[in-house]
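Tertiary structure, described
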Amino acid sequence: MAIQFIDLKRQQEQLSEDIYNNIRKVLDHGQYIMGPEIKELEQKLGSYVGVKHAVACSSGTDALLMALMAYGVGQGDAIFTSPFTFISTAEVISLLGATPVFVDIDPDTFNIDPSMLHKAIQALECKSREYYPLPDGYEGLRPRGIIAVDLFGQPADYDSIVKSVETNDLFVIEDAAQSFGAEYKGRKTCSLADISATSFFPAKPLGCYGDAGMVFTDNEVLYDWLASIRVHGKGTYKYDNIRIGINGRCDTLQAAILLAKFKIFQEEIQEKQTIAQRYSLALKATPSLKTPHIQDGCLSAWAQYSIVSNRKDEIMISLKDAGIPTAVYYPKPLHLQDAFSYLGYNPGNFPVSEEIAGRIFSIPIHPYLTEEEQKYITDSILSAVQ
Ligand SMILES: *Cc1c(COP(=O)(O)O)cnc(C)c1O
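Since this is a predicted model, take the numbers as computed values, not measurements.

**Section: the side chain of Asn 22**
Structurally, Asn 22 is set in helix H1 (residues 8-29). Residue Asn 22 is classed as buried on the basis of its relative accessible area of 12%. From its side chain, Asn 22 meets the backbone oxygen of Ala 256 in a polar contact 2.9 Å long. Excluding anything up to four places from it in sequence, Asn 22 contacts Ala 256, Leu 259 and Ala 260.

**Here we look at the site of the ligand**
In the vicinity of the ligand there are 15 residues, among which Gly 60, Thr 61, Asp 175, Ser 199 and Lys 204 approach most closely. One nitrogen or oxygen atom from the side chain of Ser 199 is found 2.6 Å from an oxygen atom belonging to the ligand. About the coverage of the ligand: the protein hides 93% of its 380 Å² of free accessible area. Of all the secondary-structure elements, those providing two or more residues to the shell around the ligand are helix H3 (60-70) and helix H4 (88-95). With 3 residues, the top contributor of residues to the shell around the ligand is H3.

**Thoughts on the sheet that holds strand S6 (residues 183-184)**
Within the open sheet, the 3 strands sit side by side as S7-S6-S10. Their pairing is antiparallel. Single-partner strands in this sheet number two, and they are strand S7 (187-188) and strand S10 (298-299). Relative to S7, S6 runs antiparallel, the two sharing 2 bridges. Residue pairing in the sheet places Tyr 184 in a bridge with Arg 187 of S7.

Rules used in this analysis
Residues numbered from 1 in each chain as written. Predicted model: local features only at pLDDT ≥ 70, side-chain atom pairs only at ≥ 80, totals over all residues. Heavy atoms only, no water. Helix = DSSP H or I, 4+ residues; strand = E, 2+ residues; numbered from the N terminus. Buried < 20%, exposed > 50% of the residue type's maximum accessible area, 1.4 Å probe, protein only. Polar contact = N/O pair within 3.5 Å; in protein donor to acceptor, adjacent residues only side chain to side chain. Contact = heavy atoms within 4.5 Å. Near = heavy atom within 4 Å. Areas by Shrake-Rupley, 256 points an atom, 1.4 Å probe, with all protein chains shown as cover. Pairing = 2+ DSSP bridges.

Right, here's the structure in full:
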């Protein structure tokens, strides 16, 4: 049994005709940059998530960068975010000269803890490090916005986040790189904040065959900025540059591949719900395993199925011996990464993130796992902790 962590081969077997046809169409019309597939994809995905405007772009990282640029974020701005995420989420903040202000996570969902967010905002407003850990240079910072992450595919708690920020007039950006296709209280992710950013990196819930991403907003003005920033701050025509932008376009070929994959995407999300339910049913009664907790009214896109256990290391070794790949997202929280040492955070600043980082691991979850493989995976975990 060759179990893949994410099985793109089996998916491709199912889709190859559509994918080849779509690629051939692009080769025929030859509009490799901003071809008609870009608009088509923007319209399809925008209406799927229920947002007016979608801007296809070069990656999930650039989607986040463009969102911050649309708000004119720069030096002196504090952007609140989770330390328990992929580097991109906070990297783009630093790249613009702004300062990431980390906020600890909820121990059950691994998403930003809204009550801690409230504390962090207050601490920054009172200029008091006593009250909540703040980065070096906090005295000169102005709270501007927050980037909430939908970790492992589960939406953050946006209702509570909005409550925490509304009196301070902060913007909310949704990092939905892992959650395309998920739902929060009847709404789709990518529609849950002022601007949402997603990624189509191959291993994400909806992946292409390279790098690409998308930014979503209902706001007309932000949309104009995003579309301009994507193409070097373009004004009315190509050589009219009215602001600093980036080369943030999505390749037409990637859009064509995504259009083929999107046809079966909803079924894939459904299939993953079934697999996650089976996993949890098999594992949740075992005291040494903490299975994922999905909040009421939420549906995860299951980018990862992550288990927290004190016996993580021995389980991972047993699974490896059984031919089952595992991964750790994320072994080191961002406030302890060398890249962010200039912020002056210390071990112990965000105890929940640090504790989870030491005990979490993820097992394969993708729509092409057979029922037999799923059972083999859960049986192997159970026998490892016996
Ligand atoms: C993957 C990911 C990104 C970045 O997406 P890329 O397309 O790889 O640039 C950003 N945030 C999170 C949470 C991610 O998982």
